[in-house]
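Take a look at the letters that make up each chain.
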Amino acid sequence: MANFNIDAKKDVTYDAIVIGSGISGGWAAKELCEKGLKTLVLERGKIVEHVVDYPTMNLDPWDMELRGGLTPEQKKKHYKAIRSGWIGTDTEHFWADDEANPYIEEKPFLWLRGHQMGGKSLLWGKQTYRWSDLDFEANAKDGNGVDWPIRYKDIEPWYTYVEKFAGISGEALGLPQLPDSHFLPPMELNCVEKHIKSRIEKEFKGRNMTIGRVAHLTQPHNGRGQCQYRNRCSRGCPYGAYFSSNSTTLPAANATGNLTIRPFSIVQSVIYDDQKGKATGVRIIDAETNEDIEYSAKIIFVNASALSTTQILMNSKSNRFENGLGNDSGELGHNLMDHTYRVGALGKVEGFDDKYYKGRRPNGIYIPRYVNIDEASKSDKFVRGFGYQGGAHRGGNAANIESFGAEYKDSILKPGPWEFFITGFAECLPYHENKITLNTDVLDKWGQPTLTIDAEFKENEKALNKQIQEDAVEMLEAAGVKDVLGFDNEHPPGYGVHEMGTARMGRDPKTSVLNEFNQVHAAKNVFVTDGACMTSSSCVNPSLTYMALTARAADHAVSELKKQNL
Amino acid sequence: MDRRKALQKTGLFAGATLMMPTMLSILQSCKEEKRLDWQPEFFTEDEAKIVSLLVDMILPRTDTPGALDVKSDIFMDKVIARTYDAGGQEHMRSEIAAFNASCEEKYGAAFIDLNESDRIAVLKEAEANSGKFNPGVWGTAVGEQEPIGFYRGLKSMAIWAYSTSEEIGKNVLSYDPIPGNYEPCKPVSEVGNKWSL
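Sorry, what's going on with the overall build of chain B here?
Helix and strand counts for chain B stand at eight helices and three strands. Order of helices (α) and strands (β) in chain B, N terminus to C terminus: α-α-α-α-α-α-β-β-α-α-β. Within chain B, contacts between residues separated by at least 24 positions form 44% of all contacts whose residues are at least 6 apart in sequence.

Please explain the overall build of chain A as it appears in this structure.
Counting secondary structure elements, chain A contains eleven helices and 21 strands. Over its C-alpha trace chain A gives a radius of gyration of 23 Å, about what one expects of a compact globule, namely 24 Å for 566 residues. Each principal axis of the C-alpha atoms in chain A carries an extent, and together these give about 75 × 55 × 45 Å. The buried share among the 566 residues of chain A stands at 55%. Summarising the internal contacts of chain A: among those between residues at least 6 apart in sequence, 72% fall at separations of at least 24.

Before we go on, may I ask you to explain the interface of chain B and chain A in this structure?
Interface size is commonly expressed as the accessible surface area that is lost when the partners come together. Listed per partner, the contact involves 47 residues of chain B and 51 residues of chain A. Mapped onto the side of chain B that touches chain A, the elements with two or more residues apiece are helix 3 (45–58), helix 4 (72–83), helix 6 (116–129), helix 7 (149–163), helix 8 (166–172) and strand 3 (183–187) of chain B. The element contributing the most residues to the side of chain B that touches chain A is strand 3 of chain B, with five residues. Its residues assigned to classes, the side of chain B that touches chain A comprises 24 nonpolar, 13 polar and ten charged. Taken together, the three bridges between strand 13 (residues 355–358) of chain A and strand 3 of chain B define a ladder with antiparallel strand orientation.

What should I look at first to understand the environment of arginine 151 of chain A in this one?
Residue and element names in this part refer to chain A. Position of arginine 151 relative to the elements: it lies in the loop between helix 4 (138–142) and helix 5 (152–166). A tally of 16 C-beta atoms within 10 Å means that arginine 151 is categorised as partly exposed. As a C-alpha pair, arginine 151 and phenylalanine 352 span 201 residues in sequence and 45 Å in three-dimensional space. Apart from residues no more than four positions distant in its own chain, arginine 151 is found in contact with Asp133 and Phe136.

Please explain the environment of aspartate 274 of chain A as it appears in this structure.
Structurally, aspartate 274 of chain A is set in the loop between strand 8 (265–273) and strand 9 (278–286). Separated by 284 residues in sequence, aspartate 274 of chain A and valine 558 of chain A have C-alpha atoms that sit 23 Å apart.

Explanation requested: the sheet that holds strand 8 of chain A in the structure shown.
Within a sheet, adjacent strands bond to each other through the backbone by hydrogen bonds, running parallel or antiparallel. All names here are of chain A. Taking strand neighbours across the sheet as the criterion, the three strands line up as 8-9-10 in an open arrangement whose pairing is antiparallel. Edge positions in the sheet fall to strand 8 and strand 10 (292–296), since each has one partner strand and no second. If you compare each strand with its neighbour and ignore which way they point, the axes differ by 25 degrees on average. The pairing of strand 9 with strand 10 spans five bridges and is classified as antiparallel. Of the residues in strand 10, the one forming a bridge with glycine 281 is serine 296.

How do you make sense of the sheet that holds strand 18 (residues 449–454) of chain A when you look at a structure like this?
Residue and element names in this part refer to chain A. Spatially, the three strands line up as an open sheet ordered 3-18-17, and their pairing is mixed. Across the chains shown, the open sheet's two edge strands, defined by having one partner strand only, are strand 3 (103–105) and strand 17 (435–443). When strand polarity is set aside, the average angle formed by the axes of neighbouring strands in this sheet is 30 degrees. Sheet analysis places strand 17 next to strand 18, joined by six bridges and oriented antiparallel. Within strand 18, the residue paired with asparagine 439 across the bridge is threonine 450. Its contacts with the sheet place helix 8 (residues 306–315) against strand 17 and strand 18, and it is angled at close to 65 degrees to strand 17.

Honestly, the nonpolar core in this entry has me stumped. Any pointers?
Grouped burial of nonpolar side chains is what soluble globular proteins tend to show. Counting residues in each nonpolar core, the largest one holds 158 residues, and the members touching the most others are Ile17, Ile19, Val270, Ile300, Val302 and Phe420 of chain A. Among the elements that make up this core, the one with the highest residue count is helix 11 (residues 543–562) of chain A (ten residues). Ignoring anything within four residues of it in the chain, the contact list for isoleucine 17 of chain A reads Leu40, Leu42, Val282, Tyr295, Ala297 and Ile300 of chain A. Within the second largest apolar cluster, 38 residues are counted, among which are Met57, Phe99, Val122 and Tyr151 of chain B.

Got a minute to help me understand the pairing of strand 7 (residues 259–262) of chain A in this structure?
Along any regular strand, the residues point their side chains to alternate faces of the sheet. Residues and elements named next belong to chain A. Alternating residues of strand 7 divide into Leu259 and Ile261 and Thr260 and Arg262, and every residue in both groups is buried. The pairing of strand 2 (residues 39–42) with strand 7 spans four bridges and is classified as parallel. By the bridge assignment for strand 7, leucine 42 is matched with arginine 262.

Would you mind showing me how to read the packing of helix 4 of chain B against helix 7 of chain B here?
Angle between the axes and distance between the axes are the two parameters that describe a pair of packed helices. Residues and elements named next belong to chain B. The N-to-C vectors of helix 4 and helix 7 enclose an angle of 110 degrees; their axes lie 9 Å apart at closest approach. Between helix 4 and helix 7, the angle falls in the class roughly perpendicular. In the crossing of helix 4 with helix 7, the sense of the turn from one axis to the other is right-handed. Two secondary-structure elements touch here, helix 4 through Ser72, Phe75 and Met76 and helix 7 through Met157, Ala158, Ala161 and Tyr162. Within the contact of helix 4 with helix 7, the residues separate by chemical class into six nonpolar, one polar and no charged.

Which parts of the structure should I look at to understand the environment of proline 542 of chain A?
Residue and element names in this part refer to chain A. Along the polypeptide, proline 542 turns up in the loop between strand 21 (523–528) and helix 11. Overall, proline 542 belongs to the buried group, with 27 C-beta atoms counted inside 10 Å. For the pair proline 542 and lysine 126, spaced 416 residues apart in sequence, the C-alpha separation works out to 10 Å. Every residue in contact with proline 542, bar those within four places of it in the chain, is listed here: His498, Met500, Gly531 and Met534.

Explain helix 7 (residues 245–255) of chain A here, please?
Structural remark: α-helix, 3.6 residues per turn; residues separated by three or four positions point the same way. All names here are of chain A. Most of helix 7 is tucked away, with ten of its eleven residues classed as buried. Within helix 7 the residues assigned to the buried category are Ser245, Asn246, Ser247, Thr248, Thr249, Leu250, Pro251, Ala252, Ala253 and Asn254. Just downstream of helix 7 lies glycine 257, where phi reads positive at about 80 degrees.

When you look at the confidence of the model for chain B in this model, what are you seeing that I'm missing?
Detailed reading of the predicted coordinates is not advisable wherever pLDDT is low. Residue and element names in this part refer to chain B. The share of residues in chain B with pLDDT of 70 or more is 82%, and the mean pLDDT across the chain is 86. In this model residues 1–32 is a low-confidence stretch, pLDDT under 50, and it forms 27 contacts with partners more than four residues away in sequence or in other chains. Reported confidence for the predicted complex is 0.93 by ipTM and 0.94 by pTM.

Please explain unusual backbone geometry as it appears in this structure.
For residues besides glycine, phi is generally negative; the peptide bonds are generally trans as well. Residues and elements named next belong to chain A. At arginine 384, a position not held by glycine, the phi torsion is positive, near 70 degrees. Turning to its location among the elements, arginine 384 is positioned in the loop between strand 14 (365–367) and strand 15 (386–394). Here the phi dihedral of threonine 502 falls at roughly 90 degrees; this positive angle occurs in a residue that is not glycine. Note that threonine 502 resides in the loop between strand 19 (482–488) and strand 20 (519–520).

Reading the values: rules and limits
- Residues numbered from 1 in each chain as written.
- Chains lettered and ligands numbered in written order.
- Predicted model: local features only at pLDDT ≥ 70, side-chain atom pairs only at ≥ 80, totals over all residues.
- Helix = DSSP H or I, 4+ residues; strand = E, 2+ residues; numbered from the N terminus.
- Contact = placed C-beta atoms within 7 Å.
- Rg over C-alpha atoms; globule rule 2.2 N^0.38 Å.
- Buried ≥ 20, exposed ≤ 12 C-beta atoms within 10 Å, placed from the backbone.
- Nonpolar A, V, L, I, M, F, W, Y, C, P; charged D, E, K, R; others polar.
- Pairing = 2+ DSSP bridges.
- Axes fitted to C-alpha atoms, helices over the stretch in contact; angles between N-to-C directions.
- Core = buried A, V, L, I, M, F, W, Y, C linked by C-beta atoms within 7 Å.
- Parallel < 35°, antiparallel > 145°, perpendicular 65-115°, else oblique.
- Left-handed = near helix turned anticlockwise from the far one by under 90°.
- pLDDT = per-residue confidence, 0-100.

Encoded structure:
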């Protein structure tokens, strides 16, 4: 693969500008480039070229001086993100600098960011599920938020389109609430998971357990290699076996010859021309030289990640849009959502001591939503629903065993006890008061306003979490799991890293920011197709939906451009 | 595994005549002279002796290498020196002091000066009285975590240092850096010791 064209200096005019190179920005770049548009991708951080820039991908623990431990300096740099528990020396270079990029938590909120080419597509969980009309109709049916301007039929062909390119492995179940994707062969359940699946499905009619549907290749696909079961995904995969912008969409965009990617480009604002009545370009600050530069284009895709996208729109002020680009409704910055996280149950499984597995499968089990999917499953305690992820493995904590010495040491070299856990992800309602605002008192390293985040889970999410834990304990006990422990870590929003909303799609410009094709209602050449656009949150992982919405919006953008409507 | 094989696996056997005295000196340093043969970054010499003795008692050499053979104590010192903040370091220091003080109070001598049976009694008490780690999900403990205390925390760190050392990770545990496929239901007998990664 040829190196990326990073020389944006010689040309400041493009057909399209894409802000951000994560999951949705990568897709926007690929689609626009393949449709013949000269496209500039503005990336806040450094270039991360597939394989070449994955410095830790092959390191064993002993190859790292502190075997994953972070120095006080590194902890300070990631003082907010470190709460996630995911940052070690193996991935530290892919997490944003919290000191240079501060934010204020009016209420506790974990905002995880990846400031580099590929963004969080290098770090994501790879769980990929289609949404259904249960999700797209939810707001209209129970009156929370505003109605989605689309339905499943509008996005269905685009799910298929992105799945065929990205490569999604999983098992078809034929469930209306969790439509099947265009699947590569599923990964396998281990013997304990198979055992628990059969017990749960027998004891609880209407509940299914399946292998996670994931953006991991189980066979070679479009020039990328299949998963080697190393489970070192977040360091970057040398085989390109999971979907990332770096391994998948950006190389495709680059192959067209139409892509320019400009690293270290901090987008200050989208430029709106009051006379022309449309956006004309993007103003950036070079992160290294502090130079201000303007780039112009006919269409602009804002894919900076949910909160950053809205931050850019809020900071894009003009005579026409005094309160931020596209904020006629006053909804810009509002209706922030995330999934609830780390609520469930775990325990030990007996009777499989002679069984083990080979390979570190970067995936687990999934139990699709089974409440509030029809009249029979309707809850009187909450609206919406939840699904579970989890899995079985041999683990245990050797330090807890009350023993020491020769026999003890030899015993802990053997495989530990089988353990099984499930943890729920509940849908969060779109509350107007869960919001972000521009903070002009706290500036980032480049003098730009930062965000104040003011969001919390409320009664409906708490009721969902209570049910998640109760059901989890009940299912594990029914499946014969021992020492079952229910848990709720009561994480505030952000820990799910599924930030959605703040520039929602809707039918009515008076109550929403974007239309049915992700165009800003009153600035139709500006598109938002990352998490910011989401009108509700479903209970399933959102990234596949961002991919499909992006491909759909890009198709619409080019078609409108050709008709000279933009 | 016999002792000869264990030594081969540690690599210590590879120039046997040259290497054996080094091993002997490790043994002797613990059992006789009690003089430190390495320079700690964080621990004082007295603290290092306590930690070395503790990890040797928890994970001694058997037919596989022990914690001292793979320099777990030296690595732990480095981790505390380079990853703990000042508060964490101070806490570690005060916990070691308190551990030693309780030995003096109950058995009349510092930990390293106790006879073997008293030291074993100290560890048995510590096992019974230290908190336990809650189970975790995706790297984070769940539920309300009771205080762990010095002994269990040190033991946990020693196990980590031991299992992530190259000798143990590559030659004692089952090492397979690139599995290539997933075998969901494999007899333990075909794997042996647990996977190192």
